[in-house]
Amino acid sequence: MSELFHECGVAAVYHLPSSEPSSLLPDEDVATAGRLIPRMLLDMQNRGQLSAGISRYHPNPGNGQLLDTFRDLGAVQEVFRLAHPQKAESLMKDYSGQAAIGHVRYATCGKSDRSYAQPFENHDFHKRRWFSFAFNGQLANYDQLRKELLVAQHHHIVRNTDTEILLHEFTKALADDPEVALDELMRRVSRRLDGAYSIALINANGEMLVARDPLGIKPLCYAVQGQLFAAASESVALINLGFKRNEIESLAPGHAITISDGKIKVSQFAESPSRAHCFFEWVYFANVASTMDGQSVYLARKALGAELARLEQADPLFDIDPNDTIVVPVPDTSKAAADSMAYELGLPSMEGLIRNRYSGRTFIENTQSARSEKAKIKYTPLHEILEGKKVILVEDSIVRSTTMRALLERVRVEGGAKEIHVRIACPPIVAPCFYGIDMSSVRQLFASRFVQHGQDVTPEVAQQMADELQADSLRYLPLEAVARSIGFKSNELCQACISRNYPTPAGAELYQLDLAKKDEDSDGDEFDCRAYESQPIVKM
C-alpha cells in the first residue's frame with residue numbers, strides 16, 4: 001500500500017586481509033570496497049526514498065579523515081549522482097575505503113532535512129570514540145531514554161529521533177570505557193533498549209559492528225567470500241553483488257558480527273528466548289526477490305494470494321463469471337498475490353492499473369487533502385481493460401484508506417468498471433506500530449474504526465467497510481493465514497498491528513497510551529509522529 005512506509009535499510013562492506021581473493025571486489029585496491037555501497041542501497045531503495053548516505057573508513061586518507069561521511073536528501077540515484085558518471089566518480093573517489101556502511105531512510109519521525117539523514121557520525125580525537133553508525137528500526141522506549149538523558153546536566157538533544165538517542169548511548173558507553181570490545185559495547189547498550197533495530201557501525205580504528213535486535217524484528221543478513229564481507233537489510237542486495245545464495249545467512253536475533261584486526265567474530269550480545277519477525281516484511285516491505293530468515297518473500301505473497309482464492313471459493317461474495325471478471329493488482333507489491341489468486345480461480349490477472357513512478361511521494365504530505373490529491377495521480381486506470389468488468393482489486397493492506405478511496409473512484413469513473421470487489425492479502429490493520437513503520441496512532445487506521453478488540457470482521461462489518469470505501473464488497477485474510485503463508489509459527493512473528501499483541505513491554509505500554517490519547521483527543525492531528533509527546537525536562 002502506497003500509504004505505508006518503512007523506516008530504512010542498512011548496508012556494510014569490508015575488504016578483509018585474506019589470502020583468498022574475491023571476484024566481487026572492484027579491483028585489487030583495498031580502498032575500493034566502499035564503491036559497492038551505492039549498488040547495495042539501490043537494491044534496497046524500496047525501504048526508504050527520503051535520504052541516503054555512506055560512511056567510509058580509509059587507513060591513509062588524502063583528506064586526513066580516517067572516517068568520513070556523506071549524506072543527503074533524495075533517492076540513491078540522486079544522492080550519489082549516479083546519472084552523471086563524472087560526478088559519481090568524483091564522489092566515490094572521496095568516499096571509497098577499505099570498509100564502509102550505508103543507509104537509506106524514510107522517517108517515521110523527525111524532520112525531512114539533511115541533518116536527519118544517516119549515517120550519524122560522532123567525531124572524536126580518540127579513534128575508538130570516533131564512530132559512525134546506521135540504524136534501521138525504532139526504539140519503543142525512546143521517550144524514557146530521552147528523559148533520562150536530559151535529566152543529566154551536560155546532555156542535550158538536538159533532533160527528535162531515536163537515532164540521536166542511540167548516538168548518545170554509544171557515546172556514553174565509550175566514554176566510560178574507550179577500549180571496550182564492540183560486541184561488549186553492543187551488549188551494554190542493548191540492556192537499555194526496547195524495540196526493533198538492525199545496526200551497522202564503523203569506527204576510526206577500522207573496526208566494524210553489525211547487530212540485530214534480540215527478537216529479530218528487523219531483518220539483517222550477511223555473506224563472506226574470500227576478502228569480501230558484506231551485510232544488508234535484504235538478501236537481494238547481496239545476491240546482486242554476486243554472492244551465491246548458499247553464502248548468504250540471516251544474522252541470528254540478539255547476535256552481532258564484529259571485525260577487528262581483520263578478523264570476523266560472530267557472538268551473542270543479548271538473550272533471545274523468542275522470535276518476533278515483522279510479518280509485514282513478507283507482505284509488503286521487502287523486495288520480492290529477497291529471502292528473509294529462510295523464507296522467500298515471493299513465495300509468501302504467492303501463498304497469500306492462494307489463501308484469498310480459497311476464501312472466495314468457499315464463500316463467494318458475488319457471482320464470478322470468467323467471461324467478465326478479472327483480477328487486477330494494485331502495483332507493485334500486490335502482483336504476486338493477485339497472480340496467484342487469479343490462477344487458483346481460473347481468471348485472468350490483468351494490469352488494469354499503471355503506476356506513475358514519477359508522481360512524487362504521497363507519504364511526505366502532511367495533510368489528508370494533500371495526500372488524497374497525490375494519490376489520485378499515482379495510478380492510471382486502463383479503460384480498455386476495466387470497462388464493463390467485474391474487477392477483483394487485490395491490495396496488500398489498507399492503512400489510512402487515503403489511496404484506496406481515490407483509487408476506487410478512478411477505477412469506477414475513469415476505468416468504467418461495472419463492479420469493484422476489494423480483496424486484501426492481509427488481516428485488518430487495527431493497531432499502531434512502534435517498531436519502525438509510520439503508523440504510530442490508532443487514529444490513523446481505517447479498520448480500527450470498525451473492528452473492536454477481540455472481534456472478528458463479520459460479513460456485516462466487512463460490508464460496512466466496503467460501503468465506506470464505495471466498493472461493492474471487501475474481504476480481508478484472517479489472522480491465521482499470515483503465519484501459514486510465510487512459513488513461521490504465529491508466535492515467531494510480530495503481528496502487533498493486526499493482533500494488538502506487542503512483543504516488548506514498551507510497545508504494549510505505548511499502545512495503551514495511544515488508546516487513552518485517542519479517547520481524550522479525538523479531534524487531534526491523525527498524522528502525529530508518535531503516539532505520545534515528549535514533555536519538556538525541567539533540570540533541578
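Residues numbered from 1 in each chain as written. Predicted model: local features only at pLDDT ≥ 70, side-chain atom pairs only at ≥ 80, totals over all residues. Heavy atoms only, no water.

Colleague: Sorry, what's going on with the pattern of salt bridges here?
Modeller: Opposite charge on two side chains permits pairing when their charged atoms draw close. A complete count under the given rule lists 27 salt bridges for this structure. For the salt bridge of Arg128 with Glu207, the shortest nitrogen-to-oxygen distance reads 3.0 Å. Of this pair, Arg128 sits in the loop between strand 5 (120–122) and strand 6 (131–139) while Glu207 sits in the loop between strand 7 (195–203) and strand 8 (208–212); the two residues are 79 residues apart in sequence, bridging distant segments of the chain. For Arg128, a relative accessible area of 7% puts it in the buried group. On the accessibility criterion, Glu207 (9% relative accessible area) is buried. (Salt bridge = Lys/Arg side-chain N within 4 Å of Asp/Glu carboxyl O. Helix = DSSP H or I, 4+ residues; strand = E, 2+ residues; numbered from the N terminus. Buried < 20%, exposed > 50% of the residue type's maximum accessible area, 1.4 Å probe, protein only.)

Colleague: Help me understand a nonpolar patch on the surface in this model?
Modeller: On the surface, a cluster of nonpolar side chains totalling about 210 Å² of accessible area is made up of Val224, Ile264 and Val266. Along the chain, Ile264 falls in strand 13 (residues 263–268). With relative accessibility at 35%, the residue Ile264 sits in the partly exposed group. (Patch = residues over 30% accessible without salt bridge, like charges linked within 9 Å, V, L, I, M, F, W, Y side chains within 5 Å. Areas by Shrake-Rupley, 256 points an atom, 1.4 Å probe, with all protein chains shown as cover.)

Colleague: For this particular structure, what's the right way to read the packing of helix 9 (residues 297–314) against helix 10 (residues 335–345)?
Modeller: Direction vectors running N to C along helix 9 and helix 10 enclose 40 degrees, while the axes themselves pass 7 Å from each other. With respect to each other, helix 9 and helix 10 are oriented oblique. In this structure, helix 9 crosses over helix 10, and the sense of that crossing is right-handed. For the pair helix 9 and helix 10, contact is made by Tyr298, Arg301, Lys302, Gly305, Ala306, Leu308, Ala309, Glu312 and Gln313 and by Ala336, Ala337, Ser340, Met341, Glu344 and Leu345, respectively. (Axes fitted to C-alpha atoms, helices over the stretch in contact; angles between N-to-C directions. Parallel < 35°, antiparallel > 145°, perpendicular 65-115°, else oblique. Left-handed = near helix turned anticlockwise from the far one by under 90°. Contact = heavy atoms within 4.5 Å.)

Colleague: Please explain the nonpolar core as it appears in this structure.
Modeller: Across soluble globular proteins, nonpolar side chains show a tendency to be buried alongside one another. Counting residues in each nonpolar core, the largest one holds 84 residues, and the members touching the most others are Phe279, Phe280, Leu393 and Leu474. When near neighbours in sequence (up to four residues on either side) are disregarded, Leu474 contacts Leu317, Ile398, Val422, Arg423, Ile424, Ala462, Met465, Ala466 and Leu469. Among the nonpolar cores identified, the runner-up in size contains 31 residues, and Phe70, Ala100, Ala223 and Ile248 belong to it. (Core = buried A, V, L, I, M, F, W, Y, C linked by side-chain atoms within 4.5 Å.)

Colleague: Honestly, unusual backbone geometry in this entry has me stumped. Any pointers?
Modeller: For residues that are not glycine, phi is negative in most cases, and the peptide bond is trans in most cases. The omega torsion of the bond from Gln118 to Pro119 falls at 5 degrees, within 30 degrees of zero and hence cis. Take Pro119: it is sitting in the loop between strand 4 (99–105) and strand 5. Backbone torsion omega between Pro331 and Asp332 reads -5 degrees, so that peptide bond is classified as cis. By the element assignment, Asp332 lies in the loop between strand 17 (325–329) and helix 10. Its identity is not glycine, yet Asp261 carries a phi of approximately 55 degrees, on the positive side. Among the secondary structure elements, Asp261 is positioned in the loop between strand 12 (255–260) and strand 13.

Colleague: What should I look at first to understand the layout of surface pockets in this one?
Modeller: It is a probe the size of a water molecule, rolled over the atoms, that shows where empty space is left. In this structure, the second largest pocket spans a volume of roughly 620 Å³. Around the second largest pocket, the lining comprises 28 residues; the ones closest to its centre are Asp456, Val457, Tyr476, Leu477 and Pro478. Here the element with the most residues in the lining of the second largest pocket is strand 22 (residues 473–476); it accounts for 4 residues. Taken together, the residues of the lining of the second largest pocket sort by class into 15 nonpolar, 7 polar and 6 charged. (1 Å grid on protein atoms, 1.4 Å probe; cavity = no way out; pocket = protein on both sides within 12 Å on 5 of 7 lines; lining within 4 Å. Points joined across faces, edges and corners; volume = space filled by probe spheres on them. Nonpolar A, V, L, I, M, F, W, Y, C, P; charged D, E, K, R; others polar.)

Colleague: Any chance you could explain the sheet that holds strand 20 (residues 390–395) here in plain terms?
Modeller: Pairing between the strands of a sheet is mediated by backbone hydrogen bonds and can be parallel or antiparallel. With parallel pairing, the 4 strands of this open sheet are ordered in space as 17-20-21-22. Looking along the sheet, the strands with just one partner apiece sit at the ends: strand 17 and strand 22. Strand-to-strand twist of the sheet, defined as the mean angle between neighbouring strand axes without regard to direction, takes the value 20 degrees. Relative to strand 21 (residues 419–424), strand 20 is paired through 6 bridges, and the arrangement is parallel. Within strand 21, the position partnered with Val391 by the bridge is Ile420. (Pairing = 2+ DSSP bridges.)

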